[in-house]
Amino acid sequence: MVFRCQRDSWARQFTTRVVSCRAAELRPEGGGEPVRGFQVVLEDTILFPEGGGQPDDRGLIGDVPVLRVTRRGPEAVHFVPAALEPGAEVLLSLDWERRFDHMQQHSGQHLISAIAEQMFGFKTTSWELGRQRSVIELDTPLVTAEQVEALEKSVNEKIRDRVPVTVRELAADDPEVETVKSRGLPDDHVGPVRVVDIKGIDSNLCCGTHVSNLSDLQVIKLLGVEKGKKNKTNLVFLAGNRVLKSIEQSHSTEKALTSLLKNGPGEHVEAVKRLQSSVKLLQKNNLNLLRDIAVLIARDFKSKPAPKQLFVLHRKEGDSEFMNIIANEIGTEETLLFLTVGDEKEAGLFLLAGPVEAVENLGPR
(Lines give C-alpha, C1' and ligand atoms only; values in the text may rest on other atoms or scores of the structure.)
Protein backbone atom coordinates (compact mmCIF):
# COMPACT_ATOMS: atom_id res chain seq x y z
CA MET A 1 0.00 0.00 0.00
CA VAL A 2 1.15 3.53 -0.82
CA PHE A 3 0.22 5.88 2.02
CA ARG A 4 -0.99 9.45 1.74
CA CYS A 5 2.38 10.66 3.07
CA GLN A 6 4.03 9.01 0.05
CA ARG A 7 1.53 10.41 -2.45
CA ASP A 8 1.80 13.92 -0.98
CA SER A 9 4.93 14.57 1.10
CA TRP A 10 3.81 18.15 1.77
CA ALA A 11 0.48 17.33 3.47
CA ARG A 12 0.58 18.53 7.09
CA GLN A 13 -2.98 17.64 8.19
CA PHE A 14 -5.31 14.88 7.11
CA THR A 15 -8.68 13.52 8.21
CA THR A 16 -9.08 9.74 8.31
CA ARG A 17 -10.72 6.96 10.38
CA VAL A 18 -9.49 4.51 13.00
CA VAL A 19 -9.51 0.93 11.73
CA SER A 20 -8.23 -0.85 14.83
CA CYS A 21 -6.74 -0.22 18.26
CA ARG A 22 -5.12 -2.80 20.51
CA ALA A 23 -3.03 -2.70 23.67
CA ALA A 24 0.72 -3.01 23.17
CA GLU A 25 4.13 -2.04 24.56
CA LEU A 26 6.86 0.12 23.06
CA ARG A 27 10.53 -0.32 23.86
CA PRO A 28 12.27 3.09 24.01
CA GLU A 29 15.05 3.59 21.45
CA GLY A 30 17.57 4.37 24.18
CA GLY A 31 16.62 1.31 26.22
CA GLY A 32 14.78 1.16 29.50
CA GLU A 33 11.41 -0.11 30.63
CA PRO A 34 8.74 -0.69 27.95
CA VAL A 35 6.06 1.98 27.61
CA ARG A 36 2.45 0.77 27.71
CA GLY A 37 0.10 2.10 25.07
CA PHE A 38 -1.85 1.14 21.96
CA GLN A 39 -1.15 0.22 18.36
CA VAL A 40 -3.52 2.10 16.07
CA VAL A 41 -4.13 1.40 12.38
CA LEU A 42 -5.84 4.10 10.30
CA GLU A 43 -7.52 3.96 6.89
CA ASP A 44 -4.62 6.08 5.58
CA THR A 45 -1.92 8.26 7.09
CA ILE A 46 0.35 11.24 6.50
CA LEU A 47 2.79 9.93 9.12
CA PHE A 48 5.60 8.05 7.43
CA PRO A 49 6.54 4.65 8.93
CA GLU A 50 10.29 4.11 9.14
CA GLY A 51 11.85 2.53 6.06
CA GLY A 52 14.42 2.96 3.30
CA GLY A 53 16.93 4.45 5.73
CA GLN A 54 14.48 7.19 6.76
CA PRO A 55 13.23 7.41 10.39
CA ASP A 56 9.50 7.56 11.13
CA ASP A 57 7.44 10.70 11.58
CA ARG A 58 5.95 12.22 14.72
CA GLY A 59 2.66 14.04 15.12
CA LEU A 60 -0.78 13.94 16.69
CA ILE A 61 -3.96 11.93 16.22
CA GLY A 62 -6.44 14.47 17.51
CA ASP A 63 -4.62 15.61 20.64
CA VAL A 64 -2.94 12.23 21.28
CA PRO A 65 0.82 12.20 20.51
CA VAL A 66 2.18 9.54 18.16
CA LEU A 67 5.35 8.07 19.68
CA ARG A 68 6.33 5.68 16.88
CA VAL A 69 5.15 4.68 13.41
CA THR A 70 6.15 1.34 11.89
CA ARG A 71 5.13 -0.60 8.80
CA ARG A 72 3.48 -4.01 9.11
CA GLY A 73 2.88 -5.39 5.64
CA PRO A 74 0.42 -3.00 3.95
CA GLU A 75 -0.39 -1.19 7.22
CA ALA A 76 1.17 1.73 9.08
CA VAL A 77 1.01 1.08 12.82
CA HIS A 78 0.88 4.16 15.09
CA PHE A 79 1.90 3.71 18.72
CA VAL A 80 -0.01 6.09 21.02
CA PRO A 81 -0.34 6.38 24.83
CA ALA A 82 -4.18 6.50 24.82
CA ALA A 83 -6.81 4.28 23.24
CA LEU A 84 -8.78 5.44 20.18
CA GLU A 85 -12.25 4.24 19.19
CA PRO A 86 -12.35 2.09 16.01
CA GLY A 87 -14.51 3.78 13.39
CA ALA A 88 -13.94 7.25 14.83
CA GLU A 89 -13.02 10.07 12.46
CA VAL A 90 -9.74 11.69 13.52
CA LEU A 91 -7.53 14.57 12.44
CA LEU A 92 -3.86 13.78 11.85
CA SER A 93 -1.32 16.58 12.40
CA LEU A 94 2.29 16.17 11.28
CA ASP A 95 5.45 17.35 13.04
CA TRP A 96 6.49 19.30 9.95
CA GLU A 97 9.94 20.41 11.13
CA ARG A 98 11.02 16.78 11.65
CA ARG A 99 9.44 15.64 8.35
CA PHE A 100 10.95 18.42 6.22
CA ASP A 101 14.37 17.72 7.72
CA HIS A 102 14.03 14.07 6.73
CA MET A 103 12.89 15.05 3.22
CA GLN A 104 15.94 17.28 2.77
CA GLN A 105 18.39 14.64 4.01
CA HIS A 106 16.78 11.81 1.99
CA SER A 107 16.57 13.71 -1.28
CA GLY A 108 20.07 14.99 -0.62
CA GLN A 109 21.29 11.41 -0.28
CA HIS A 110 19.72 10.45 -3.63
CA LEU A 111 21.45 13.41 -5.30
CA ILE A 112 24.87 12.80 -3.73
CA SER A 113 24.75 9.06 -4.48
CA ALA A 114 23.79 9.67 -8.12
CA ILE A 115 26.49 12.28 -8.76
CA ALA A 116 29.16 10.25 -6.90
CA GLU A 117 28.45 7.30 -9.19
CA GLN A 118 28.37 9.45 -12.34
CA MET A 119 31.61 11.30 -11.56
CA PHE A 120 33.73 8.58 -9.95
CA GLY A 121 31.86 5.28 -10.27
CA PHE A 122 31.30 5.11 -6.50
CA LYS A 123 28.19 3.03 -5.81
CA THR A 124 26.14 3.54 -2.65
CA THR A 125 25.74 0.35 -0.62
CA SER A 126 23.79 1.82 2.33
CA TRP A 127 23.06 5.06 4.15
CA GLU A 128 21.93 6.33 7.54
CA LEU A 129 19.85 9.40 8.32
CA GLY A 130 21.17 10.34 11.76
CA ARG A 131 19.88 12.88 14.26
CA GLN A 132 22.87 15.21 13.80
CA ARG A 133 24.40 14.12 10.50
CA SER A 134 23.83 11.60 7.72
CA VAL A 135 26.25 9.02 6.32
CA ILE A 136 26.46 7.41 2.88
CA GLU A 137 28.44 4.18 2.59
CA LEU A 138 30.33 4.13 -0.71
CA ASP A 139 31.70 0.97 -2.29
CA THR A 140 35.28 2.21 -2.51
CA PRO A 141 38.26 1.99 -0.14
CA LEU A 142 39.33 5.59 -0.78
CA VAL A 143 37.76 8.98 -1.52
CA THR A 144 40.26 11.83 -1.82
CA ALA A 145 39.78 15.37 -0.51
CA GLU A 146 39.82 16.60 -4.12
CA GLN A 147 36.98 14.21 -5.03
CA VAL A 148 34.93 15.35 -2.02
CA GLU A 149 35.41 18.99 -3.06
CA ALA A 150 34.43 18.29 -6.70
CA LEU A 151 31.39 16.26 -5.59
CA GLU A 152 30.18 19.01 -3.25
CA LYS A 153 30.56 21.61 -5.99
CA SER A 154 28.61 19.49 -8.47
CA VAL A 155 25.64 18.65 -6.17
CA ASN A 156 25.22 22.32 -5.21
CA GLU A 157 25.24 23.30 -8.89
CA LYS A 158 22.32 20.88 -9.42
CA ILE A 159 20.48 22.51 -6.50
CA ARG A 160 20.91 25.94 -8.09
CA ASP A 161 19.67 24.53 -11.40
CA ARG A 162 16.27 23.93 -9.74
CA VAL A 163 15.96 20.37 -11.05
CA PRO A 164 12.45 18.84 -10.54
CA VAL A 165 11.99 15.75 -8.35
CA THR A 166 8.95 13.58 -9.16
CA VAL A 167 7.47 10.35 -7.82
CA ARG A 168 5.86 7.66 -9.98
CA GLU A 169 4.03 4.48 -9.05
CA LEU A 170 4.58 1.25 -10.97
CA ALA A 171 2.93 -2.14 -10.69
CA ALA A 172 5.26 -4.60 -8.97
CA ASP A 173 5.33 -6.74 -12.16
CA ASP A 174 6.00 -3.81 -14.52
CA PRO A 175 9.12 -4.61 -16.62
CA GLU A 176 10.42 -1.09 -15.96
CA VAL A 177 10.92 -2.01 -12.30
CA GLU A 178 13.86 -4.21 -13.32
CA THR A 179 15.58 -1.26 -15.03
CA VAL A 180 15.37 1.13 -12.06
CA LYS A 181 18.13 1.25 -9.42
CA SER A 182 17.15 -0.51 -6.22
CA ARG A 183 18.65 -2.24 -3.20
CA GLY A 184 15.65 -4.58 -3.14
CA LEU A 185 12.10 -4.53 -1.78
CA PRO A 186 11.07 -5.81 1.68
CA ASP A 187 9.91 -9.43 1.72
CA ASP A 188 6.44 -8.36 2.92
CA HIS A 189 6.00 -5.60 0.31
CA VAL A 190 2.57 -5.49 -1.35
CA GLY A 191 1.00 -3.15 -3.90
CA PRO A 192 2.66 -0.73 -6.32
CA VAL A 193 6.27 0.38 -6.06
CA ARG A 194 7.42 4.00 -6.05
CA VAL A 195 10.08 5.45 -8.33
CA VAL A 196 11.72 8.73 -7.34
CA ASP A 197 13.08 10.62 -10.36
CA ILE A 198 15.52 13.52 -10.25
CA LYS A 199 15.10 14.76 -13.82
CA GLY A 200 18.07 13.84 -15.97
CA ILE A 201 20.13 12.71 -12.97
CA ASP A 202 18.68 9.70 -11.16
CA SER A 203 15.84 7.20 -11.04
CA ASN A 204 15.50 5.05 -7.95
CA LEU A 205 13.01 2.77 -6.20
CA CYS A 206 12.25 4.36 -2.83
CA CYS A 207 9.49 4.35 -0.20
CA GLY A 208 10.57 7.59 1.50
CA THR A 209 9.30 11.17 1.42
CA HIS A 210 11.09 13.66 -0.83
CA VAL A 211 11.21 17.30 -1.88
CA SER A 212 9.61 18.27 -5.19
CA ASN A 213 12.56 20.29 -6.50
CA LEU A 214 16.28 20.20 -5.71
CA SER A 215 16.08 23.90 -4.82
CA ASP A 216 14.16 22.80 -1.70
CA LEU A 217 17.44 21.33 -0.45
CA GLN A 218 18.91 24.87 -0.22
CA VAL A 219 22.51 23.65 0.13
CA ILE A 220 24.55 20.49 0.81
CA LYS A 221 27.74 20.39 2.84
CA LEU A 222 30.02 17.35 2.67
CA LEU A 223 31.78 17.15 6.04
CA GLY A 224 34.37 14.63 4.84
CA VAL A 225 34.95 10.89 4.83
CA GLU A 226 35.56 8.23 7.45
CA LYS A 227 36.87 4.70 7.17
CA GLY A 228 33.94 2.31 6.79
CA LYS A 229 33.59 -1.45 6.74
CA LYS A 230 36.03 -3.54 4.74
CA ASN A 231 36.92 -1.67 1.52
CA LYS A 232 34.11 0.88 2.13
CA THR A 233 34.19 4.62 2.78
CA ASN A 234 31.60 6.60 4.75
CA LEU A 235 30.76 10.02 3.33
CA VAL A 236 29.30 12.38 5.96
CA PHE A 237 26.94 15.17 4.90
CA LEU A 238 24.40 17.79 5.95
CA ALA A 239 21.57 19.11 3.80
CA GLY A 240 19.26 22.13 3.99
CA ASN A 241 18.41 23.52 7.41
CA ARG A 242 21.04 21.32 9.06
CA VAL A 243 23.73 23.33 7.26
CA LEU A 244 22.25 26.56 8.60
CA LYS A 245 22.08 25.17 12.13
CA SER A 246 25.68 23.97 11.88
CA ILE A 247 26.82 27.44 10.78
CA GLU A 248 24.88 29.01 13.67
CA GLN A 249 26.52 26.63 16.17
CA SER A 250 29.96 27.24 14.70
CA HIS A 251 29.45 31.01 14.83
CA SER A 252 28.35 30.84 18.48
CA THR A 253 31.44 28.77 19.31
CA GLU A 254 33.64 31.21 17.42
CA LYS A 255 32.21 34.17 19.36
CA ALA A 256 32.76 32.38 22.67
CA LEU A 257 36.37 31.52 21.76
CA THR A 258 37.02 35.11 20.65
CA SER A 259 35.86 36.31 24.05
CA LEU A 260 37.90 33.72 25.98
CA LEU A 261 41.11 33.93 23.94
CA LYS A 262 41.02 37.71 23.43
CA ASN A 263 41.90 37.48 19.74
CA GLY A 264 40.28 37.10 16.32
CA PRO A 265 38.95 33.86 14.77
CA GLY A 266 41.99 33.57 12.50
CA GLU A 267 44.25 33.37 15.56
CA HIS A 268 42.23 30.84 17.58
CA VAL A 269 44.21 27.75 16.52
CA GLU A 270 47.61 29.26 17.33
CA ALA A 271 46.32 30.57 20.67
CA VAL A 272 45.05 27.10 21.64
CA LYS A 273 48.37 25.52 20.62
CA ARG A 274 50.22 27.96 22.89
CA LEU A 275 47.84 27.16 25.75
CA GLN A 276 48.33 23.42 25.23
CA SER A 277 52.11 23.86 25.37
CA SER A 278 51.80 25.85 28.60
CA VAL A 279 49.52 23.23 30.16
CA LYS A 280 51.92 20.40 29.26
CA LEU A 281 54.81 22.29 30.85
CA LEU A 282 52.78 22.98 34.00
CA GLN A 283 51.70 19.34 34.21
CA LYS A 284 55.33 18.22 33.91
CA ASN A 285 56.41 20.64 36.64
CA ASN A 286 53.50 19.52 38.83
CA LEU A 287 54.51 15.87 38.47
CA ASN A 288 58.08 16.68 39.45
CA LEU A 289 56.86 18.57 42.53
CA LEU A 290 54.56 15.68 43.49
CA ARG A 291 57.50 13.26 43.28
CA ASP A 292 59.59 15.54 45.51
CA ILE A 293 56.72 15.88 48.00
CA ALA A 294 56.27 12.09 48.07
CA VAL A 295 59.97 11.60 48.90
CA LEU A 296 59.84 14.27 51.63
CA ILE A 297 56.71 12.76 53.20
CA ALA A 298 58.33 9.32 53.30
CA ARG A 299 61.62 10.59 54.71
CA ASP A 300 59.80 12.63 57.36
CA PHE A 301 57.97 9.48 58.50
CA LYS A 302 61.18 7.42 58.60
CA SER A 303 63.10 10.12 60.49
CA LYS A 304 60.86 9.94 63.54
CA PRO A 305 62.52 8.28 66.59
CA ALA A 306 60.00 5.47 66.74
CA PRO A 307 58.19 5.09 63.38
CA LYS A 308 54.71 3.63 63.69
CA GLN A 309 53.81 0.35 62.04
CA LEU A 310 50.87 2.02 60.27
CA PHE A 311 51.04 4.92 57.79
CA VAL A 312 47.81 6.48 56.45
CA LEU A 313 47.67 9.40 53.99
CA HIS A 314 45.20 11.05 51.61
CA ARG A 315 46.19 13.64 49.02
CA LYS A 316 43.71 15.11 46.54
CA GLU A 317 46.31 15.97 43.86
CA GLY A 318 48.20 12.67 43.94
CA ASP A 319 48.31 9.79 41.47
CA SER A 320 49.45 6.16 41.43
CA GLU A 321 53.11 7.13 40.98
CA PHE A 322 52.89 9.44 44.02
CA MET A 323 51.67 6.52 46.16
CA ASN A 324 54.27 4.08 44.78
CA ILE A 325 57.14 6.50 45.56
CA ILE A 326 55.99 6.78 49.20
CA ALA A 327 55.63 3.00 49.51
CA ASN A 328 59.07 2.35 48.03
CA GLU A 329 60.74 5.01 50.21
CA ILE A 330 59.15 3.83 53.47
CA GLY A 331 59.33 0.13 52.70
CA THR A 332 56.55 -2.40 53.21
CA GLU A 333 58.26 -5.18 55.12
CA GLU A 334 57.43 -3.79 58.56
CA THR A 335 55.04 -0.89 57.90
CA LEU A 336 51.44 -1.18 56.71
CA LEU A 337 50.53 1.66 54.32
CA PHE A 338 47.07 2.77 53.30
CA LEU A 339 47.28 5.63 50.76
CA THR A 340 44.45 7.32 48.84
CA VAL A 341 44.41 10.01 46.14
CA GLY A 342 41.67 11.92 44.31
CA ASP A 343 38.71 14.17 45.03
CA GLU A 344 36.84 13.16 48.19
CA LYS A 345 33.49 13.41 46.38
CA GLU A 346 34.49 11.47 43.27
CA ALA A 347 36.22 8.25 42.30
CA GLY A 348 39.90 7.91 43.27
CA LEU A 349 42.75 5.45 43.77
CA PHE A 350 44.07 3.64 46.83
CA LEU A 351 47.14 1.59 47.68
CA LEU A 352 47.28 -0.99 50.47
CA ALA A 353 50.78 -2.37 51.00
CA GLY A 354 52.77 -3.90 53.85
CA PRO A 355 53.42 -7.21 55.57
CA VAL A 356 51.86 -10.08 53.63
CA GLU A 357 49.68 -11.35 56.50
CA ALA A 358 48.23 -7.89 57.20
CA VAL A 359 47.48 -7.19 53.54
CA GLU A 360 45.82 -10.59 53.04
CA ASN A 361 43.64 -9.93 56.08
CA LEU A 362 42.71 -6.31 55.34
CA GLY A 363 42.64 -6.45 51.54
CA PRO A 364 39.26 -8.19 51.13
CA ARG A 365 37.78 -5.96 53.83
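Look a little higher up for the structure.
Residues numbered from 1 in each chain as written. Predicted model: local features only at pLDDT ≥ 70, side-chain atom pairs only at ≥ 80, totals over all residues. Heavy atoms only, no water.

Chemist: Which parts of the structure should I look at to understand the nonpolar core?
Modeler: Nonpolar side chains in soluble globular proteins tend to end up buried together. Counting 52 residues, the largest nonpolar core has Leu111, Ile112 and Ile220 as the members making the most contacts within it. When residues in this core are grouped by element, the largest group, eight residues, is from helix H2 (residues 96-120). Those residues within four positions of Ile112 in sequence are excluded, and the remaining contacts are Ile136, Leu151, Val155, Ile220, Leu222, Leu235 and Phe237. Counting residues in each nonpolar core, the second largest holds 18 residues, with Leu290, Ala298, Phe322 and Ile330 among its members. (Core = buried A, V, L, I, M, F, W, Y, C linked by side-chain atoms within 4.5 Å. Buried < 20%, exposed > 50% of the residue type's maximum accessible area, 1.4 Å probe, protein only. Helix = DSSP H or I, 4+ residues; strand = E, 2+ residues; numbered from the N terminus. Contact = heavy atoms within 4.5 Å.)

Chemist: Quick question: what am I supposed to make of the packing of aromatic side chains here?
Modeler: The description of an aromatic ring pair rests on the distance of the ring centres and on the angle between the ring planes. For the structure on display, the rule yields six aromatic pairs. Centroid distance Trp10 to Trp96: 5.6 Å. Interplanar angle 40°. Geometry classified as tilted. Of this pair, Trp10 sits in the loop between helix H1 (4-7) and strand E1 (13-26) while Trp96 sits in helix H2, placing them 86 residues apart in sequence. Judged by its relative accessible area of 16%, Trp96 falls in the buried class. Seen in terms of ring centroids, Trp10 and Phe100 are 5.9 Å apart; in terms of plane orientation they differ by 45°. Their pairing is tilted. Of this pair, Trp10 sits in the loop between H1 and E1 while Phe100 sits in helix H2; the two residues are 90 residues apart in sequence, bridging distant segments of the chain. (Phe/Tyr/Trp six-rings, centres within 6.5 Å; stacked < 30°, edge-to-face > 60°.)

Chemist: When you look at the pairing of strand E11 (residues 193-198) in this model, what are you seeing that I'm missing?
Modeler: The side chains of a regular strand alternate, residue by residue, between the two faces of the sheet. Buried residues dominate E11, accounting for six of its six residues. Burial along E11 is two-sided: Val193, Val195 and Asp197 and Arg194, Val196 and Ile198, pointing in opposite directions, are all buried. Across six bridges, the pairing between strand E10 (residues 165-170) and E11 is antiparallel. Paired with Thr166 across the two strands is Asp197, which belongs to E11. Pairing geometry for E11 and strand E12 (residues 202-205), over four bridges, is antiparallel. Residue pairing across strands places Ile198 opposite Asp202, the latter belonging to E12. (Pairing = 2+ DSSP bridges.)

Chemist: What is the right way to read the packing of helix H4 (residues 241-261) against helix H5 (residues 268-302) from this model?
Modeler: Each pair of packed helices can be summarised by the angle the axes make with each other and by the distance between the axes. Relative to each other, H4 and H5 sit at 50°, their axes nearing to 11 Å. One finds that H4 runs oblique with respect to H5. In the crossing of H4 with H5, the sense of the turn from one axis to the other is left-handed. In contact with Glu254, Leu257, Thr258 and Leu261 of H4, H5 contributes His268, Ala271, Val272 and Leu275. (Axes fitted to C-alpha atoms, helices over the stretch in contact; angles between N-to-C directions. Parallel < 35°, antiparallel > 145°, perpendicular 65-115°, else oblique. Left-handed = near helix turned anticlockwise from the far one by under 90°.)

Chemist: Would you take a moment to explain the sheet that holds strand E8 (residues 124-129) for this structure?
Modeler: Working definition: the strands of a sheet are paired by backbone hydrogen bonds and lie parallel or antiparallel to each other. Read across the sheet, four strands follow the order E8-E9-E14-E13 without closing on themselves; strand pairing throughout is antiparallel. The sheet is open, and its two edges are formed by E8 and strand E13 (220-227), each paired on a single side. Ignoring strand direction, the axes of neighbouring strands in this sheet form an average angle of 20°. With seven bridges connecting them, E13 and strand E14 (residues 233-239) associate as antiparallel partners. Note that in E14 the partner of Lys227 across the bridge is Thr233. Across the face of the sheet, helix H3 (residues 145-160) comes into contact with E13 and E14 while running at roughly 150° to E13. Against the sheet, H4 engages E8, strand E9 (134-138), E13 and E14, with an angle of about 85° to E14.

Chemist: When you look at unusual backbone geometry in this model, what are you seeing that I'm missing?
Modeler: Both trends apply: most residues other than glycine have a negative phi, and most peptide bonds are in trans. Despite not being glycine, Arg162 shows a phi value in the positive range, around 55°. The phi angle at Lys262 is positive, at roughly 60°, despite the residue not being glycine. Residue placement: Lys262 occurs in the loop between H4 and H5.

Chemist: Teacher, can you tell me more about H5 here?
Modeler: Spacing of three or four residues puts side chains on the same side of an α-helix, whose turn is 3.6 residues. The end-to-end C-alpha distance of H5, which contains 35 residues, comes to 51 Å, matching closely the 51 Å that a straight helix rising 1.5 Å per residue would cover. Residues of H5 that are buried in the fold lie against H4, strand E15 (310-315) and helix H6 (320-330). (Expected span 1.5 Å × (residues − 1).)

Chemist: What is the right way to read the side chain of Thr209 from this model?
Modeler: Note that Thr209 resides in the loop between E12 and E13. What makes Thr209 buried here is its relative accessible area of 0%. Residues in contact with Thr209, not counting those within four places in the same chain, are Cys5, Ser9, Phe48, Gln54, Arg99, Met103 and His106.

Chemist: In this structure, what is going on with the side chain of Ser107? I would like to understand it.
Modeler: With respect to the helices and strands, Ser107 occurs in helix H2. Ser107 sits in the buried class, given a relative accessible area of 2%. Those residues in contact with Ser107 that lie beyond four places of it in its chain are His210, Val211 and Leu217.

Chemist: Looking at this structure, how should I read the pairing of E9?
Modeler: With respect to burial, E9 is a largely interior element, five of its five residues being buried. Where burial is concerned, the two faces of E9 agree: the one with Ser134, Ile136 and Leu138 and the one with Val135 and Glu137 are both buried. Pairing between E8 and E9: five bridges, direction antiparallel. Bridged to Glu128 within E9 is Val135. The turn linking E8 back onto E9 is made up of four residues. With five bridges joining them, E9 and E14 adopt antiparallel strand pairing. Looking at E14, one finds that Val135 is bridged to Val236.

Taken by themselves, the reported measurements are silent on function.
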